[in-house]
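# Summary of the model geometry
Given next are the chains, with one letter for each unit.
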Amino acid sequence: MINLRTLSIELNGKIVFLLFAIFWTICCLIINPVADFPLNDDWSYALSVKSLAVDGNLEYCGWMSMTLFFQVLWGSLFVKIFGFSFTVLRFSTIVLAFFGSWFTWRLFTELRIHSGMAFLYAAVISLNPIFLNLSMTFMTDVPFYTFAIASTFYLLRYMNTHKRGFLIAGIVLMCCAILIRQLGLAVPAGFFLFGIYRRKYFYTIPLLIGLLCFAVYQFSVPYFIEDLGRSNEINNLLLERVLQNPFQTLMDIIKRSIIFFIYFGLFFAPILIFLHMPKGKYVDWLWLVIALVSTYILFSVDFLMPLNKNILVDFGIGPRTLYDVHVTEETDLSTLPIFSRLQFTFIGLMFGLKVVEGVFRKVVWLRTTSFQRPNSYMVMICIGICYLIPIMAVDNFDRYYLFLFPIVVALIANYLTIRRTLWKGVQWVFMTTFLCMFTFLGNSYYFAWNRARWQGIEYLVNDLKVPTNRIDGGFEYNGWYNYNPDDFNDNVKNLWVPNDDYRICFESINGYEVIKEYPYREWLKFGSERTVKVLRKEGITE
C-alpha cells in the first residue's frame, strides 16, 4: 500500500492559480453561462444591485433572508464597469468561485496537506454539481463560501505565524462573509470556541469584531433600507425553535447531519474510494451491512436520494420552476430511475459512514498527538460545529453544505491511501468520469431549458405585445417583473402572478392551448429533445 500523498507532485501557488484559471475557463466554455435571465433566487439580489448601481439608492427585496450587503456592493462594482445584466452578475460570481477554489487549496496547504493532493481535493470540491451550478448564478452561496474560506485561511496563518497582517486580512474578509450571510459568524465563533477550549482568550477578538459588524449592520441599515426582507424572521425562527423544543431541535440536527454525510459520501466518492482506516477491515464490513440495511429502510419509506432538494433534484441539476412542475406537480420530468436512486443512496451511506469514522478518529488523534500544528485542525472542527448547528436546526437546502465540504475533507485527508489494484483504478476512473459528465451536462441542460423558457417569454412580450403582468413565466420571471411585498400566501411557489392568461410550461395543461414551442436537448437522457410550451388560456383570441 502506498500513501496517496507520495504519488503527488509539488505545486506552488502560481501554478495552482493558473490551473484554476484554466479550469474555470473550461467550465464557462462548456456550460456557457452567457444569458440575460435570472436563476433560482438571484432575481431578488439583482433587484438590490440594480437599485444601487442604476438608480442610485439601495433597496432590499423582501424575499431575501440574509444580510446580502457586501454582495450587492460586489455586484454593483461589476455593473458600474460593464453595465447591468444577469450575465455580468453571473461572471461576478464566477470570479469569486475561482478565488474560492484557490483559497481552498491554500487552506489545505496551511493544514499541512501535500500541495498536489490539496489541489486534487480543491478541484473535486469545485467540480461538485452544486458548487458549479451556484457559481453560474448570482446566488449568495459561492460568494459567502469564498470569503468564509479566505478568512479562515488568513486567521489560521496568523495563529501559526503571529504576523499581524494576516489577522487584519482575516478579520476584513470575515466581515465581508458576515455581510453576505449571517452564517459568516461561524468563523469567529469557531475561533472563540477554540480559545475557550485552549484557554487562549485572545481568539475571542474575531468574534467580538464579527458581532460588532453584525450589530452595526442590524441597527444602521434600517435607517436607509426600509425592508430587511426575511432575515429577522429567519433569525427569530431559529431562536424560537431552539428555546421552545430543544429536544426536537437536537433530533433535527442529528437527522440532517446524517443526510449531509450521505451527500458528502456521494459527492466525494472519487476520492473516498481511497479512504482506509488503520485496522478497519471488520469495521468496513460493518459499515457495508449498515448501509445495505439503511438503504432498504429508506427505500421502504420512499426516502431516497436526493434527500434534501434544491440544487440536486431527481431530474438533474437546478430547480425547474415552471407552473406544471413547480406548483401543481402535474408534470413528472424525473430522469433518475428508482434503481439509480437506490445506488446513489447506498454509495452515499457507505462512504458517509466511513467519513464519520474518519472524523471521529481524527478528533481522538488530535487529543493525544504531538503533531506540529494540531491547533489548526481543532479550529476547523470548532468552525464546523458552529456552522453545522444553525443550518441543521431549521429546514435547510443542499446548497448550504458547501462550506462544510473543505472542513470534512481536511479532517479525513490523512486517511486517504491508495492500493495498487486494478479494481481501485477502474472505480476511480468510472466515478470521476461520471461526476464530470453529470456536473457539466446537468448544468448545460439547466441553462438549455431556461434559454427555451425565456425565448417563449420574449415571443409573448416582443411579438405578441403581451404585458408582463399577464404572463406566468415561472418563479424567477414572476419575481423579477411582478414582485409585490404585499403578495405573500401559503403557496410560496405560486407568488406574484397578477394574471395568468399566458403561461410557460413543460407540458400542456387543462384550460390552455399551445401557441408556440421551443425545443431544448435533455442531456441527461442522451440528448433527447423536449420542448418548453407557450400556453394561452382558452377563449382568449388576441
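All values reported here derive from a predicted model rather than from experimental measurement. (Residues numbered from 1 in each chain as written. Predicted model: local features only at pLDDT ≥ 70, side-chain atom pairs only at ≥ 80, totals over all residues. Heavy atoms only, no water.)

### Quick word on the overall build of the protein chain
- Looking only at helices and strands, the protein chain has 20 helices and 8 strands in total.
- When each of the 542 residues of the protein chain is scored for burial, the buried share is 58%.
- Of the contacts formed within the protein chain by residues at least 6 apart in sequence, a portion of 77% connects residues at least 24 apart.
- Summing over all exposed atoms, the protein chain offers an accessible surface of approximately 23500 Å²; the carbon and sulfur share of this is 63%. (Helix = DSSP H or I, 4+ residues; strand = E, 2+ residues; numbered from the N terminus. Buried < 20%, exposed > 50% of the residue type's maximum accessible area, 1.4 Å probe, protein only. Contact = heavy atoms within 4.5 Å. Areas by Shrake-Rupley, 256 points an atom, 1.4 Å probe, with all protein chains shown as cover.)

### A word on the pairing of strand β6 (residues 502-505)
- Of the two faces of β6, both are covered, the one formed by Tyr502 and Ile504 as well as the one formed by Arg503 and Cys505.
- Where β6 meets strand β8 (residues 528-537), 4 bridges bridge the pair, whose relative direction is antiparallel. Residue Cys505 lies in a different strand from β8, and its bridge partner there is Lys533. (Pairing = 2+ DSSP bridges.)

### What to know about a nonpolar patch on the surface
- Taken together, the side chains of Val289, Val293, Tyr296, Ile297, Phe299, Ile338 and Phe339 make up a nonpolar region of the molecular surface, amounting to roughly 720 Å² of accessible area.
- Those elements giving two or more residues to the nonpolar patch turn out to be α14 (281-300) and α16 (338-368).
- Looking at the nonpolar patch, the element that brings in the most residues is α14, giving 5 residues.
- Val293 gets classed as partly exposed once you look at its relative accessible area, which sits at 46%. (Patch = residues over 30% accessible without salt bridge, like charges linked within 9 Å, V, L, I, M, F, W, Y side chains within 5 Å. Salt bridge = Lys/Arg side-chain N within 4 Å of Asp/Glu carboxyl O.)

### Notes on the nonpolar core
- Trp24, Phe264 and Phe268 are the most contacted members of the largest nonpolar core, which totals 179 residues.
- Here this core takes 14 residues from helix α19 (residues 422-463), the largest share from any one element.
- Judged by nonpolar contacts, the second largest core, of 6 residues, contains Tyr323, Val327, Tyr512 and Leu535. (Core = buried A, V, L, I, M, F, W, Y, C linked by side-chain atoms within 4.5 Å.)

### What to know about unusual backbone geometry
- Going from Met305 to Pro306, the amide bond is cis rather than trans, its omega being -5°.
- In this structure, Pro306 sits in the loop between α14 and β2 (312-313).
- The backbone of Asp302 shows a phi angle near 55°, a positive value even though the residue is not glycine.
- The topology assignment puts Asp302 in the loop between α14 and β2.
- Given the relative accessible area of 55%, Asp302 is considered exposed.

### Topic: the environment of Ala118
- Tracing the sequence through the fold places Ala118 in helix α5 (residues 115-126).
- A relative accessible area of 0% means that Ala118 is categorised as buried.
- For the pair Ala118 and Val409, spaced 291 residues apart in sequence, the C-alpha separation works out to 9.7 Å.

### Description of the packing of aromatic side chains
- Scanning the entire structure with this criterion turns up 54 aromatic pairs.
- A ring pair is formed by Phe17 and Trp102, whose centres lie 5.3 Å apart and whose planes are at 90°; its orientation type is edge-to-face. Taken together, the residues Phe17 in helix α1 (residues 13-31) and Trp102 in helix α4 (residues 86-110) connect sequence positions 85 residues apart.
- Both rings, one in Phe37 and one in Phe447, keep their centres 6.5 Å apart while their planes meet at 45°; by these two values the pair is tilted. Of the two residues, Phe37 is situated in the loop between α1 and α2 (42-53) and Phe447 in helix α19; the sequence distance between them amounts to 410 residues. Judged on exposure class, the residue Phe37 and its partner Phe447 are both buried.
- Among the aromatic side chains, those forming a connected cluster through ring pairs are Phe37, Tyr445, Tyr446, Phe447, Trp449, Trp454, Tyr477, Tyr481, Phe506 and Tyr520.
- If you follow Arg90 out to its NZ or CZ, it ends over the ring of Phe37, 5.6 Å from the centre.
- If you follow Arg503 out to its NZ or CZ, it ends over the ring of Tyr323, 3.6 Å from the centre. (Phe/Tyr/Trp six-rings, centres within 6.5 Å; stacked < 30°, edge-to-face > 60°. Lys NZ or Arg CZ within 6 Å of the ring centre and 35° of its normal.)

### Some words on the sheet that holds β6
- Pairing in this open sheet of 4 strands is mixed, and the strands run β5-β6-β8-β7 from one edge to the other. The sheet is open, and its two borders are formed by β5 (471-472) and β7 (512-522), each paired with just one other strand.
- Each of β5, β6, β7 and β8 is contacted by α19, which is oriented at about 150° to β7, the strand it contacts most. (Axes fitted to C-alpha atoms, helices over the stretch in contact; angles between N-to-C directions.)

### What to know about the packing of helix α9 (residues 186-198) against helix α17 (residues 374-393)
- Between α9 and α17, whose axes approach to 7 Å, the crossing angle comes to 125°. In terms of orientation, α9 and α17 fall into the oblique class. You can see that α9 and α17 cross each other, and the crossing is right-handed. Where α9 approaches α17, its residues Ala186, Val187, Ala189, Gly190, Phe191, Leu193, Phe194, Tyr197 and Arg198 are matched on the opposing element by Asn375, Met378, Val379, Cys382, Ile383, Cys386 and Tyr387.
- Looking at the contact of α9 with α17 residue by residue, the class counts come to 13 nonpolar, 2 polar and 1 charged. (Parallel < 35°, antiparallel > 145°, perpendicular 65-115°, else oblique. Left-handed = near helix turned anticlockwise from the far one by under 90°. Nonpolar A, V, L, I, M, F, W, Y, C, P; charged D, E, K, R; others polar.)

### With respect to the confidence of the model for the protein chain
- With 89% of its residues at a pLDDT of 70 or more, the protein chain shows a mean pLDDT of 85.
- Averaged pLDDT values for the elements of the protein chain fall to 46 in strand β1 (residues 2-3) and rise to 96 in α4.
- Under a pLDDT of 50 for its full length, residues 1-7 has, in the predicted model, 20 contacts with residues more than four places off or in other chains. (pLDDT = per-residue confidence, 0-100.)

### With respect to the side chain of Lys533
- Relative to the helices and strands, Lys533 is located in strand β8.
- Overall, the relative accessible area of 10% leaves Lys533 in the buried class.
- In this structure the side chain of Lys533 is engaged in a polar contact, spanning 2.9 Å, whose partner is the side chain of Thr531. (Polar contact = N/O pair within 3.5 Å; in protein donor to acceptor, adjacent residues only side chain to side chain.)

### Remarks on the pairing of β8
- A large share of β8 lies buried, amounting to 7 of its 10 residues.
- Direction of pairing for β7 relative to β8: antiparallel, over a ladder of 10 bridges. The residue bridging Glu513 from the neighbouring strand is Arg536, located in β8.

### A few points about the pattern of salt bridges
- Within the structure shown, the criterion is met by 14 salt bridges.
- With its nearest N and O atoms 3.3 Å apart, the salt bridge here joins Glu110 to Arg157. Of this pair, Glu110 sits in helix α4 while Arg157 is found in helix α7 (residues 141-161), placing the two residues 47 residues apart along the sequence.
- Asp500 serves as the salt-bridge partner of Lys537, at 2.8 Å between the closest nitrogen and oxygen. Here Asp500 lies in the loop between α20 (475-482) and β6 and Lys537 lies in strand β8, a separation of 37 residues in the sequence.
- For Lys537, a relative accessible area of 27% corresponds to the partly exposed category.
- A relative accessible area of 22% places Asp500 in the partly exposed class.

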